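# Inside the fold
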Amino acid sequence: MIRRVALIGLGTMGPGIAARLSRGGLEVAAYDVSPAAVERARGMLDAAGGVLDQLGISAPAGGAGSVRFAGTIAETVEGADLVIENVPENIDIKAETYRALDPLIGPSVIVASDTSGIPITKLQAHISHPERFVGMHWSNPPHIIPMIEVIGGERTEPKTVATIRDLIRSLGLLPVVVKKDVPGFVENRVLYALLREAVDLVERGVIEPEDLDTCVSWGIGYKIAVVGPMALLDMAGLDIYKSVSSFLNADLADRKDIAQLVLDKAKDGKFGIKSGEGMFAYTPEGIGKLQGERARKLVAIRRILEDRG
Ligand code: NAD
């Protein structure tokens, strides 16, 4: 049974994961190489706790767990049943992290990576108990989005996948087991197919960026939260899908490279919210307001979808 979790990496994802796990009754030890990231994480942890209150997520009968910040990897993994790795999406950094924690943990400890899409089979090559290594892909913001992908690599034991799936269920979250270790898993493959088409349409001048977002959010997005793509095929009718896809599939974006629009913005340091400009421009005050507004709306929608009004 998993009671103690070591969380390594406290950037965008780590603090929300720590908040959700501790609210679910687990004891979390958290660590980041950067003292600035640890300081930011303390504030993010409080904010995430407030959002969990708004979501009505209460602690289990045994009470809430806790989050302690540790000063070294050794202190972090001490006594852990599960290690969740949340360091940057770079195979060298991840491999170095596994090499550092490997001699400090027993063979029964599960190591899970929150990688967005590096195949688990590649990552588990860097750890001495690959059968205990698994993908646990949270969705951002992790304290709000309830779906988590669970992915086994070629050498992961089915028991490890089942343990993580059951843990996610016991927290009241929604595990989705990805049966084949394909790059990007499922969530990001579907998202990136959509993003490739969206960027292509904007780049070709078919639509303005604001209108693209209105079209997707109020057309497909709002609906897809209630009716998933497979159910949507049945709602639209497979005869209609067959007929439209007979000419449309051949016209959809299928580029293998990165769109010039994205390369140009990245070259100019326009990375989005984090740099103040990307597809849209942001002010520091505007960013705080936007993030609060997005959290409030996601909480409200989730309560409705869960029939909790
Ligand atoms: P991030 O860059 O915001 O944070 C990573 C943190 O890891 C940083 O604070 C950094 O200081 C720390 N770090 C780097 N090396 C370390 C080490 N050796 N030991 C301890 N800490 C170390 O990254 P993120 O967006 O939080 O992503 C983390 C992982 O989660 C990635 O694999 C990413 O692909 C995945 N992920 C990200 C998102 C997202 O939307 N950002 C969503 C799902 C999954």
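Description of the structure in this document. Just so you know, these numbers come straight off a predicted model, no measurement behind them. (Residues numbered from 1 in each chain as written. Predicted model: local features only at pLDDT ≥ 70, side-chain atom pairs only at ≥ 80, totals over all residues. Heavy atoms only, no water.)

### So, the overall build of the protein chain
Within the protein chain, the secondary structure is distributed over 12 helices and 8 strands. Relative to its length of 309 residues, the protein chain is compact, with a C-alpha radius of gyration of 21 Å against a globular reference of 19 Å. Taken along the three principal axes of its C-alpha coordinates, the protein chain extends 55 × 45 × 45 Å. In the protein chain, which comprises 309 residues, the proportion classed as buried is 39%. (Helix = DSSP H or I, 4+ residues; strand = E, 2+ residues; numbered from the N terminus. Rg over C-alpha atoms; globule rule 2.2 N^0.38 Å. Buried < 20%, exposed > 50% of the residue type's maximum accessible area, 1.4 Å probe, protein only.)

### Notes on the nonpolar core
Core analysis: the largest hydrophobic core is formed by 38 residues, its most contacted members being Leu-7, Leu-21, Leu-82, Ile-84, Met-136, Trp-138 and Ile-164. Among the elements that take part in this core, helix α2 (residues 35-54) stands out by supplying 6 residues, more than any other. Apart from residues lying up to four places away in sequence, Ile-84 is in contact with Val-5, Ala-6, Leu-7, Ile-8, Ile-17, Leu-21, Ala-112 and Met-136. Among the nonpolar cores identified, the runner-up in size contains 21 residues, and Tyr-31, Val-77, Ile-118 and Ile-120 belong to it. (Core = buried A, V, L, I, M, F, W, Y, C linked by side-chain atoms within 4.5 Å. Contact = heavy atoms within 4.5 Å.)

### What about the site of the ligand?
Close to the ligand lie 24 residues; Met-13, Asp-32, Glu-89, Lys-94 and Ser-116 are nearest. At 2.9 Å from an oxygen atom of the ligand is found a main-chain nitrogen or oxygen belonging to Thr-12. Within the contact set of the ligand, an oxygen atom lies 3.1 Å away from a side-chain nitrogen or oxygen of Asn-140. (Near = heavy atom within 4 Å. Polar contact = N/O pair within 3.5 Å; in protein donor to acceptor, adjacent residues only side chain to side chain.)

### Quick notes on empty space enclosed by the protein
As enumerated under the stated definition, the model contains 1 cavity of 30 Å³ or more in all. Roughly 40 Å³ of volume is contained in the largest cavity. For the lining of the largest cavity, the per-class residue count stands at 5 nonpolar, 2 polar and 2 charged. (1 Å grid on protein atoms, 1.4 Å probe; cavity = no way out; pocket = protein on both sides within 12 Å on 5 of 7 lines; lining within 4 Å. Points joined across faces, edges and corners; volume = space filled by probe spheres on them. Nonpolar A, V, L, I, M, F, W, Y, C, P; charged D, E, K, R; others polar.)

### As for the environment of Gly-79
Topologically, Gly-79 is positioned in the loop between α3 (73-77) and β4 (82-85). For Gly-79, a relative accessible area of 44% puts it in the partly exposed group.

### Side note on the side chain of Arg-302
Inspection of the secondary structure assignment puts Arg-302 in helix α12 (residues 284-305). Looking at Arg-302, its side chain comes within polar contact range of the main-chain oxygen of Ile-144, at 2.6 Å. Residue contacts for Arg-302: discarding those within four places in its chain leaves Leu-55, Ile-57, His-143, Ile-144 and Pro-146.

### What to know about a nonpolar patch on the surface
A cluster of nonpolar side chains, contributed by Ile-240, Val-244, Phe-247, Leu-248 and Leu-252, occupies part of the molecular surface with about 420 Å² of accessible area. The partly exposed category is assigned to Leu-248, whose relative accessible area is 35%. (Patch = residues over 30% accessible without salt bridge, like charges linked within 9 Å, V, L, I, M, F, W, Y side chains within 5 Å. Areas by Shrake-Rupley, 256 points an atom, 1.4 Å probe, with all protein chains shown as cover. Salt bridge = Lys/Arg side-chain N within 4 Å of Asp/Glu carboxyl O.)

### Points about the layout of surface pockets
By volume, the second largest pocket amounts to about 260 Å³. In terms of lining residues, the second largest pocket is bounded by 17 residues, among which Met-1, Ile-2, Arg-3, Leu-26 and Ser-170 are the most central. Here the lining of the second largest pocket takes 4 residues from helix α6 (residues 158-170), the largest share from any one element.

### Here we look at the pattern of salt bridges
Summed over the entire model, instances satisfying the criterion amount to 13 salt bridges. Here Glu-157 ties to Lys-159 by a salt bridge, and the two come within 4.0 Å at their closest N and O atoms. With relative accessibility at 32%, the residue Glu-157 sits in the partly exposed group. Of the charged contacts, one joins Asp-257 and Arg-255 as a salt bridge, the two residues approaching to 2.8 Å between their closest N and O atoms.

### Notes on the pairing of strand β6 (residues 133-137)
Most of β6 is tucked away, with 5 of its 5 residues classed as buried. Where strand β5 (residues 110-113) and β6 come together, 3 bridges link them in parallel fashion. Its bridge partner being in β6, Val-111 is matched across the sheet by Phe-133. Sheet topology places β6 next to strand β7 (residues 147-152); 4 bridges connect them, and they run antiparallel. From the neighbouring strand, Gly-135 faces β7, where its bridge partner is Ile-151. (Pairing = 2+ DSSP bridges.)

### Points about the packing of aromatic side chains
By the definition in use, this model includes 2 aromatic pairs. Between Tyr-98 and Phe-133 the ring centres are 5.2 Å apart and the planes differ by 75°, which places this aromatic pair in the edge-to-face class. Taken together, the residues Tyr-98 in helix α4 (residues 91-101) and Phe-133 in strand β6 connect sequence positions 35 residues apart. The exposure class assigned to Tyr-98 is buried, which follows from its relative accessible area of 0%. (Phe/Tyr/Trp six-rings, centres within 6.5 Å; stacked < 30°, edge-to-face > 60°.)

### Some thoughts on helix α7 (residues 187-203)
Counted at 1.5 Å a residue, the expected span for α7 with its 17 residues is 24 Å, and the 24 Å between its end C-alpha atoms agrees. Of the residues making up α7, those classed as buried are Asn-188, Glu-197, Ala-198, Val-199, Asp-200 and Val-202. The inward-facing, buried residues of α7 contact β6, α8 (209-224) and α11 (260-267). A positive phi of about 75° marks Gly-205, the residue just after α7. (Expected span 1.5 Å × (residues − 1).)

### Quick look at the packing of helix α1 (residues 14-23) against α2
With their axes 8 Å apart at the nearest point, α1 and α2 run at an angle of 50° to one another. The pairing of α1 with α2 is recorded here as oblique in orientation. When the axes of α1 and α2 are compared, the crossing they make is right-handed. Listed contacts from α2 to Pro-15, Gly-16, Ala-18, Ala-19, Arg-20 and Arg-23 of α1 are Ala-41, Met-44, Leu-45, Ala-48, Gly-49, Leu-52 and Asp-53. Across the contact of α1 with α2, the residue classes break down as 8 nonpolar, 2 polar and 3 charged. (Axes fitted to C-alpha atoms, helices over the stretch in contact; angles between N-to-C directions. Parallel < 35°, antiparallel > 145°, perpendicular 65-115°, else oblique. Left-handed = near helix turned anticlockwise from the far one by under 90°.)

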